[in-house]
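# Observations on the three-dimensional arrangement
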Number of protein chains: 2
Amino acid sequence: MVDESEELARLASDLRVAAFRLTRRLRIESHIDEVTDSQLTVLLWLSRLERAAPGALAELERVSPPSMNRTLNVLETAGYVRRIDDPEDGRRVIVEITERGAELASTARRRRNAWLKAELGPLPAADRRTLARAAELLDGMTLR
Amino acid sequence: MVDESEELARLASDLRVAAFRLTRRLRIESHIDEVTDSQLTVLLWLSRLERAAPGALAELERVSPPSMNRTLNVLETAGYVRRIDDPEDGRRVIVEITERGAELASTARRRRNAWLKAELGPLPAADRRTLARAAELLDGMTLR
DNA sequence: TATTGTTATACTCTATAACTATA
DNA sequence: TATAGTTATAGAGTATAACAATA
């Protein structure tokens with residue numbers, strides 16, 4: 001009989017290390033000098049959402065509103081986003097990504113996927129299926 | 001015939017998202033009020049290595065030497081690490097983790113694994129095998 | 001009174017450049 | 001002269017508390 005708890009601990013540890021290594025590597029590969037990691041993450045959100053309220057962005061990134069406000073100030077000054085007063089509610093502000101911001105976001109996305117695709121390409125189809133299934137399983141765990 | 005490039009892009013994207021989500025979740029679960037994330041990461045390194053030079057830690061975390069120096073100052077002031085002059089080379093310094101620091105590191109590691117084990121436990125054995133194999137594959141990619 | 005965003009303030013993390021001490 | 005570490009300085013991210021402005 002197998003010691004299941006021991007096996008579980010080993011799997012947990014291996015998975016944890018693998019995930020940390022992968023994310024670190026992806027960060028390095030997608031590094032863009034024009035903006036910091038936090039700024040880039042906001043641009044990536046905005047390139048998907050088109051527009052969003054500062055408060056919503058703060059929640060998405062789980063940072064405080066003042067913190068997000070500061071990041072938006074930097075991005076706006078640099079011309080990557082713009083703030084618009086919500087015509088329907090004077091308290092609200094709408095943040096939009098500019099064309100320059102969208103270009104930067106798409107470059108970053110391309111770089112990240114380029115490295116990963118190069119690594120995945122040579123793998124046997126069975127291994128790729130394993131990884132695809134693992135991604136599904138991990139999503140199930142973290143979304144709950 | 002399948003569009004392999006399209007499939008590869010999808011897999012890369014899914015894996016990337018899954019890995020980012022998992023690491024974020026693990027960070028949240030292992031959060032310790034006494035130290036910041038960066039400080040904890042250094043403690044986790046030191047609890048594995050026993051001792052390391054400041055420059056080596058800077059390389060491991062890919063930050064500049066002054067940046068690591070600052071983090072070490074905070075950790076040393078708080079009593080989680082200590083600096084010792086290398087007896088063999090007056091230019092060098094050895095950083096050691098203290099007992100308090102080791103306790104903190106082990107608490108963090110325990111919390112991370114506890115959450116992960118709770119998530120992995122209910123999975124069918126086949127899924128666990130899939131994840132174990134995925135961890136291996138990811139290691140192969142990042143270690144190269 | 002509640003909501004949304006911003007400003008004020010303070011601390012950490014980050015980097016580059018410059019400096020110290022030793023080899 | 002080269003190397004390891006540190007200090008000096010400054011920008012960016014983080015938070016909590018306080019302050020608009022609007023609903």
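Structure: see above.
Residues numbered from 1 in each chain as written. Chains lettered and ligands numbered in written order. Predicted model: local features only at pLDDT ≥ 70, side-chain atom pairs only at ≥ 80, totals over all residues. Heavy atoms only, no water.

Residue and element names in this part refer to chain B. Taken in spatial order, the three strands make up an open sheet running E1-E3-E2, and their pairing is antiparallel. On the outer flanks of this sheet lie strand E1 (51-52) and strand E2 (81-85), each paired with one strand and no other. The pairing of E1 with strand E3 (residues 93-97) spans two bridges and is classified as antiparallel. Opposite Ala 52, over in E3, you have Val 95 as the bridge partner. Packing of helix H4 (residues 65-77) onto the sheet brings it into contact with E2 and E3, and relative to E2 it is tilted by some 110 degrees. (Pairing = 2+ DSSP bridges. Helix = DSSP H or I, 4+ residues; strand = E, 2+ residues; numbered from the N terminus. Contact = heavy atoms within 4.5 Å. Axes fitted to C-alpha atoms, helices over the stretch in contact; angles between N-to-C directions.)

Between the two copies, chain A and chain B, the superposition gives an RMSD of 0.6 Å; the rotation angle is 178 degrees and the shift along the axis is 0.2 Å. On the angle and the small slide along the axis, the relation comes out as a two-fold axis. When the interface residues of chain A are mapped onto chain B, 98% of them again lie at the interface, so the same face is used by both copies. (Least-squares fit on C-alpha atoms with pLDDT ≥ 70 in both.)

Moving on to the interface of chain A and chain B. Each partner contributes to the interface: chain A provides 49 residues, whereas chain B provides 49 residues. Linking chain A to chain B there are six salt bridges. Here B:Arg21 makes a salt bridge to A:Asp139, at a shortest N to O gap of 3.1 Å. Summed over the shared surface of chain A and chain B, the result is six residue pairs in polar contact (both at pLDDT 80 or more). Secondary-structure elements contributing two or more residues to the side of chain A that touches chain B are helix H1 (4-29), helix H5 (99-120) and helix H6 (125-143) of chain A. Looking at which element gives the most residues to the side of chain A that touches chain B, the answer is H1(A), with 22 residues. Grouping the constituent residues of the side of chain A that touches chain B by class yields 23 nonpolar, seven polar and 19 charged. (Salt bridge = Lys/Arg side-chain N within 4 Å of Asp/Glu carboxyl O. Polar contact = N/O pair within 3.5 Å; in protein donor to acceptor, adjacent residues only side chain to side chain. Nonpolar A, V, L, I, M, F, W, Y, C, P; charged D, E, K, R; others polar.)

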